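Residues per chain, in single letters:
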Amino acid sequence: MNFADNWARVLVVITFLSFGEAQIIGGIVPNLIALVMFSGAVVYCAFTGKIAEIFGIKEPPK
């Protein structure tokens, strides 16, 4: 292997690491945000709807 091959491998590794990190930021973070928003919506509906009446958190209308 010569000098150019070694530098080509180094550049490929650096590029791979850069794009690999971008996939983590672009893939995991939005999914976690969506999970938190979905969980918040479920909890909100649970405390304000029929489920709250069933568990006695909210009194039924008279």
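Up top is the structure.
All of these numbers come straight from a predicted model, not from anything done at the bench.

Rules used in this analysis
- Residues numbered from 1 in each chain as written.
- Predicted model: local features only at pLDDT ≥ 70, side-chain atom pairs only at ≥ 80, totals over all residues.
- Heavy atoms only, no water.
- Helix = DSSP H or I, 4+ residues; strand = E, 2+ residues; numbered from the N terminus.
- Buried < 20%, exposed > 50% of the residue type's maximum accessible area, 1.4 Å probe, protein only.
- Polar contact = N/O pair within 3.5 Å; in protein donor to acceptor, adjacent residues only side chain to side chain.
- Patch = residues over 30% accessible without salt bridge, like charges linked within 9 Å, V, L, I, M, F, W, Y side chains within 5 Å.
- Areas by Shrake-Rupley, 256 points an atom, 1.4 Å probe, with all protein chains shown as cover.
- Salt bridge = Lys/Arg side-chain N within 4 Å of Asp/Glu carboxyl O.

*Asks:* For this particular structure, what's the right way to read the overall build of the protein chain?
*Replies:* A count of helices and strands for the protein chain gives two helices and zero strands. Burial status across the protein chain gives 2% buried among its 62 residues.

*Asks:* Looking at this structure, I do not really get the environment of threonine 48. What am I missing?
*Replies:* Of note, threonine 48 is situated in helix 1 (residues 3-48). Classification of threonine 48 as partly exposed rests on a relative accessible area of 36%. At 2.8 Å, the side chain of threonine 48 and the backbone oxygen of tyrosine 44 are in polar contact.

*Asks:* Even after reading the chapter, I still don't get a nonpolar patch on the surface, so can you show me in this structure?
*Replies:* There is a patch of nonpolar side chains on the surface, built from Val43, Phe47, Ile51, Ile54, Phe55 and Ile57 and spanning about 650 Å² of accessible area. Going through the elements one at a time, helix 1 and helix 2 (50-55) are the ones with two or more residues in the nonpolar patch. When residues of the nonpolar patch are assigned to their parent elements, the largest contribution, three residues, is made by helix 2. Inspection of the secondary structure assignment puts isoleucine 54 in helix 2. Looking at isoleucine 54, the relative accessible area reads 66%, which means it is exposed.

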